[in-house]
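Below, each chain spelled out in residue letters.
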Amino acid sequence: MTLRTAGRALRPAGRAAALAVAATAVVFTATELLPGDAGELRTTGRATEEDVAAERERLGLDRPAAVRYLDWLYDLIRGDLGHSLVGGRPVATLFAERLPATAVLVAAALAVTVLLTATALTVTYLRGGRGGSAATGLAAVPQPVHAAVLGAVLAGLLGWLPPVSLLPPGGSPLADPRLLVLPALTLALPSAAFATVLLRGALADTLRRPHVADARLRGLPAPLVLHRHVLPFLYAPALQVTALLAGGLVAGTALAESLFGYPGTGQLLVSAVAVRDVPVIQAAALLPVVVLLLGMLLADLAARRTTVPGDPGPSVATAGRTA
């Protein structure tokens, strides 16, 4: 491997690292803008100003924001997520208890998203790139509306699923997969619609390419044209969109888990915000960012191997302009 090749390979990793540092600054600033802090909330209504100041000093909240940020960033680099301001437990332990449930939920939602997106794009391909207004409409519907409609129909009207997704202590969602259906569909439906809108433009660009038109004129079967002449140009944007969706799904678990009582990291974030447990909030907010950046890094590296030689193919940016 030459130095030039090594530099190209390391460039995406350096960009991801820089974005990760920038994300920590954004997350820290957002937590600083929250009204009140743990010291104030824990002493509200039953303490003097001196008691509040003493509690803030005990929690380390009286130090300048820049000092607290640099300390937090240094601890992150060392792999230390800190301790909860409420219970004093290590944040890593709290996440270790909740992360498996969220990982299963995100994996299920991502699988459904990929299946629905592939189906929608196949229909679009068979129609010559036309259509897709339904996906645009679904992508614009807020997640709570999806949750309300799915819950009302599947749990209320039809009675097929439990209305909440509570797990027994120490239980796994895989023990009763029905508990995953409502939160997974709530996450997957808008994500699939969004992915379809993004990739529909890339598909339309590919269908207009001369080699695709020539293959059709030669009478090749539609499945063969799709597999041999269309899909190679969609791998790179599909990988990028999948990485984007993975981060979005992790971020979206906060609402879905709270609505259905699913005990994951998203629900942990909501409860932490209520009591201003800053270390937990910061770790939970960084999780989708890390997933997104890691996914984009892997997608970028994989796209270098899957892009058609001599032609970069359509990208997510192209999809956005065309869609």
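Here the structure is shown first, and the text comes after it.
Residues numbered from 1 in each chain as written. Predicted model: local features only at pLDDT ≥ 70, side-chain atom pairs only at ≥ 80, totals over all residues. Heavy atoms only, no water.

Describe in detail the overall build of the chain, supporting the description with residues and values.
Regarding its fold elements, the chain presents 14 helices and zero strands. Along the chain, helices (α) and strands (β) appear in the sequence α-α-α-α-α-α-α-α-α-α-α-α-α-α when read from the amino end. In the chain, which comprises 323 residues, the share counted as buried stands at 39%. Accessible surface, the chain: about 16,900 Å² in total, of which carbon and sulfur atoms supply 68%. (Helix = DSSP H or I, 4+ residues; strand = E, 2+ residues; numbered from the N terminus. Buried < 20%, exposed > 50% of the residue type's maximum accessible area, 1.4 Å probe, protein only. Areas by Shrake-Rupley, 256 points an atom, 1.4 Å probe, with all protein chains shown as cover.)

I'd like a rundown of a nonpolar patch on the surface, residues and numbers included.
A contiguous nonpolar patch, built from Val-145, Val-149, Val-153, Leu-157, Leu-158 and Trp-160 and spanning about 590 Å² of accessible area, is present on the exposed surface. Structurally, Trp-160 is set in the loop between α7 (143-157) and α8 (178-207). In this structure Trp-160 comes out as exposed when scored by relative accessible area, which is 57%. (Patch = residues over 30% accessible without salt bridge, like charges linked within 9 Å, V, L, I, M, F, W, Y side chains within 5 Å. Salt bridge = Lys/Arg side-chain N within 4 Å of Asp/Glu carboxyl O.)

Describe the packing of aromatic side chains, with residues and values.
Tallied over the entire structure, the rule returns three aromatic pairs. Among the aromatic residues, those joined into a cluster by ring pairs are Phe-28, Tyr-69 and Trp-72. (Phe/Tyr/Trp six-rings, centres within 6.5 Å; stacked < 30°, edge-to-face > 60°.)

So what's going on with α7? Which residues, and what values?
When the terminal C-alpha atoms of α7 are compared, their 20 Å separation across 15 residues agrees well with the 21 Å that a helix rising 1.5 Å per residue should span. Bending of α7 peaks at approximately 25° at the position of Gly-151. Taken together, the buried positions of α7 are Gln-143, His-146, Ala-147, Leu-150, Gly-151, Leu-154 and Ala-155. Just downstream of α7, Gly-159 is the residue with a positive phi angle, here 65°. (Expected span 1.5 Å × (residues − 1). Bend = angle between axes of the 7 residues up to and from the residue.)

Would you mind going over the nonpolar core in detail, with residue names and values included?
Tyr-125, Leu-203, Leu-207, Val-225, Val-230 and Val-241 are the most contacted members of the largest nonpolar core, which totals 15 residues. Mapped by element, the contributors of at least two residues to this core are α5 (91-126), α8, α9 (210-217), α10 (222-230) and α11 (235-260). The greatest single-element share of this core, amounting to six residues, is contributed by α8. Here Val-230 is in contact with Tyr-125, Leu-203, Thr-206, Leu-207, Val-212 and Val-225, once residues within four sequence places are set aside. Within the second largest apolar cluster, 14 residues are counted, among which are Ala-101, Ala-109, Leu-179 and Tyr-262. (Core = buried A, V, L, I, M, F, W, Y, C linked by side-chain atoms within 4.5 Å. Contact = heavy atoms within 4.5 Å.)

Pulling in residues and values, what's your account of α5?
With 36 residues, α5 ought to run about 52 Å at 1.5 Å a step, and its terminal C-alpha atoms sit 50 Å apart, in line with that. At Arg-98, α5 is deflected by roughly 40°, the largest bend along its length, and proline Pro-100 occurs up to four residues later in sequence.

Describe the side chain of Ser-84, listing the residues and the values that go with them.
By the secondary structure assignment, Ser-84 is in the loop between α4 (65-77) and α5. A polar contact is formed between the side chain of Ser-84 and the side chain of Asp-277, at a distance of 2.4 Å. Other than its neighbours up to four places away in sequence, Ser-84 contacts Arg-89, Val-91, Leu-94, Asp-277 and Val-280. (Polar contact = N/O pair within 3.5 Å; in protein donor to acceptor, adjacent residues only side chain to side chain.)

Account for unusual backbone geometry, naming residues and giving values.
Most peptide bonds take the trans configuration, and most residues that are not glycine carry a negative phi. Positive phi is not limited to glycine here, since Arg-276 has a value of about 55°. Counting through the fold element by element, Arg-276 comes out in the loop between α12 (265-275) and α13 (278-306). For Arg-276, a relative accessible area of 14% translates into the label buried.

Give me the lowdown on the pattern of salt bridges, citing residues and values where you can.
When their charged atoms lie close together, side chains carrying opposite charge are able to pair. What the rule picks out here adds up to six salt bridges. Across the pair Glu-32 and Arg-68 runs a salt bridge whose closest N-O atoms are separated by 2.7 Å. Here Glu-32, found in helix α1 (residues 3-32), pairs with Arg-68, found in helix α4; they are 36 residues apart in sequence, far enough to count as distant. Judged by its relative accessible area of 13%, Arg-68 falls in the buried class.

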